[in-house]
Amino acid sequence: MSYVITNKCLGEQYASCVEVCPVDCIYPGDHKGEKFMVIDPEICITCGACLPVCPIGAIVESEDYDQEFAKVNKDLSPSFKGNPKVTPRPSNDPPHKPTNKLV
Amino acid sequence: MPTPQEAIKTGIGNPFAVREKIEAAAKEGFTSLTEDDKFLAKWYGLYTHRNEPGYFMLRLKIPGGFLSSAQMKTIAKIAAEQNKDFADLTTRQDIQLHWVAVKEAPWILETLKEAGISTLGACGDVMRNIVGCPVAGVDAREYFDASPVLQEASDFFLGNVEFGNLPRKYKVSIAACRDQCQQPEIQCVSFVGAERRVDGGAQLGFDVQVGGGLSTKWYFGQRMNAFVRPEQVVPVLKAITEVYRDALEYRNSRSRARFKYLVADWGIDKLKQAVQAKLDFPLEEMGPYEEPADSYKDHVGVHEQKQPDLFYVGIPVPVGRITGKQMRKAADLAQTYGDGTIRLTVRQNLLLLNIPKDKVAPVLEGLDSVGLNVNGSPILRGVLACTGIEFCRLAVTETKARALEIVEYLEGRVLLEEPLRIHVTGCPNTCAQSPIAHIGLQGSRATVEGRSIETYDVAVGGQLGRDRAFNRFLIRKIPATEIKSRLERLLLEYKRLRKSGEAFNDFCRRIGDEAVVKLLAPPEKPSDRSW
């Protein structure tokens, strides 16, 4: 079981989650031309630290909540893993996408 | 959509019925337990161990931390015969036994039951151990003795099937001590002893706080502005719990199921209305209310009780780990010199009550002879640690041993006048209450040269009471082996630069986070200091 970063993160990439992850299993990268982040299901310990800190609530607590993006997280983790860290956006930064809002 | 865990609970109906599965597994073996059974076993206080299949942690229920000599002897006996002769005192005045093999579980549960100790609801989505003031009834400064009310509330909820399936764990404290040592700020519901001035006289009762909680998202409790008389506590608590139990929207996500989320979402007014609707008496208003300043309180030392010539002896039990030998000795001393009254505290410590003045010395000697020294150093006294990677499936770091290593190192190098709360917790679930610590150490991991190493994220500035604040993370992922020297530097500089009598949190606020981070950085040459 693993937490999953959903489509809400596409084009946003706040990266607030990275700092609080105790096992460094969240990686940045590009998905279909948009900025994105994934949680590595091989490493995630489901501690729950990331979910509450995402400014737009893009994280869900298990694959059951978003099977499509669970697969995306799983498939992209190996290639995202080596990517350099990105600078986090301020948590009150307005979302880039009109469908997202700060929670 | 309800979570899978909801289906497990509804499937069995009465979660306490998992006892049958435990009995069966005792005969058929651990592998006969399904994952659902292991989830439900929590309702009996049984929690699977991290590494070794076939073993559980068993948490007891010790309301308000009240224990008798006879009970402590029973626990020590179980620990000696089955469980490697040690136990862990917890942050809810409770006891955890490890290495409980499933085939021993029925015998252990029966033995505890005969000693008057239950384990029902020690873990699971239920009313957990109710926390109180460990010196209720003997504290000269208390508003009144709230322990009968605590016991009544505990008895009402113990094994109560009507409340056996809450959305999540549920933590309550009830006390009437002036220091509010029952930590109302971080409970789901807390009854806080208070005096209300009315009609020129004083009424004693409780102020109610709701919605506190730590874990990965930290909330302080809010006052409900309700004054509750002692005889009203159980009906009010029952009403609040019914509201929580029946708020079905909190069963859709385990990470948003705690009562603190309901309070945050609904707000106090809506909650109060819902609670009032269930009561056949009006909730009275509290009126003016004074909170204590945050001051370190651990009940350690020798203290006069309100009863003439009687004292209680408070002993620090470092990181809560107590040996069978120590338990047996403490129980003997309590019985021989006192009246067998023992209390556990939220700082993982032990108190012996009702010791006559002339018997204090032999009690101290006796405790000292088994390594329980009443004169713990301020560094030692302030440390709290969760179970950690030794047994806990959620932990990412070793905690108790690391905490003791840090204490031993710092004790000889930094002389503090007053204890600081230094809490060591093995993961972001903060079971060691790291957010309210002066210095919170939260376990994490980092990859260094291809190897995964244990690290700690360091936060400072937590406190309770009037100026309550959660601490702030300043540096993440300091290698666990380096923590002690980084803290040494921070604490030595605190001592050197503090204003006279300046508290640690005030000092950190005054010099600012950036400066504190510099003090936590790897040691530099003295000439590199720029301030």
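Our structure is the block above this text.
A brief look at the structure comes next. Keep in mind it's a predicted model, so treat the numbers as computed, not measured. (Residues numbered from 1 in each chain as written. Chains lettered and ligands numbered in written order. Predicted model: local features only at pLDDT ≥ 70, side-chain atom pairs only at ≥ 80, totals over all residues.)

**Remarks on the overall build of chain B**
Here comes step 1: Along the backbone of chain B there are 16 helices and 19 strands.
Here comes step 2: Over its C-alpha trace chain B gives a radius of gyration of 23 Å, about what one expects of a compact globule, namely 24 Å for 531 residues.
Here comes step 3: Its C-alpha atoms put chain B at 70 × 65 × 60 Å along the principal axes.
Here comes step 4: Per-residue burial over chain B gives 51% buried out of 531 residues.
Here comes step 5: Taking contacts inside chain B between residues at least 6 apart in sequence as the whole, the part at least 24 apart equals 68%. (Helix = DSSP H or I, 4+ residues; strand = E, 2+ residues; numbered from the N terminus. Rg over C-alpha atoms; globule rule 2.2 N^0.38 Å. Buried ≥ 20, exposed ≤ 12 C-beta atoms within 10 Å, placed from the backbone. Contact = placed C-beta atoms within 7 Å.)

**Here's the deal with the interface of chain A and chain B**
Here comes step 1: In this complex, chain A contributes 12 residues to the contact, which on the side of chain B involves 16 residues.
Here comes step 2: Looking at the side of chain A that touches chain B residue by residue, the class counts come to eight nonpolar, one polar and three charged. (Nonpolar A, V, L, I, M, F, W, Y, C, P; charged D, E, K, R; others polar.)

**Focus: unusual backbone geometry**
Here comes step 1: Look at Gln13 of chain A: it is not a glycine, yet its phi comes out positive at around 55°.
Here comes step 2: Checked against the element boundaries, Gln13 of chain A lands in the loop between β1 (4-5) and α1 (16-20).
Here comes step 3: Under the C-beta neighbour-count criterion, Gln13 of chain A is labelled buried, with 20 such atoms within 10 Å.
Here comes step 4: Unlike most non-glycine residues, Gln348 of chain B shows phi in positive territory, near 65°.
Here comes step 5: The residue Gln348 of chain B is located in the loop between β13 (341-344) and β14 (350-356) in this model.

**Points about the sheet that holds strand β9 (residues 222-228) of chain B**
All names here are of chain B.
Here comes step 1: An order of β6-β7-β8-β9 is seen for the four strands of this open sheet, with the pairing classed as mixed. The open sheet terminates on both sides in strands that have one partner only, identified here as β6 (172-175) and β9. When strand polarity is set aside, the average angle formed by the axes of neighbouring strands in this sheet is 30°.
Here comes step 2: Along the sheet face, helix α7 (residues 233-246) touches β6, β7 (189-198), β8 (201-210) and β9 and points at about 135° away from the line of β7. (Pairing = 2+ DSSP bridges. Axes fitted to C-alpha atoms, helices over the stretch in contact; angles between N-to-C directions.)

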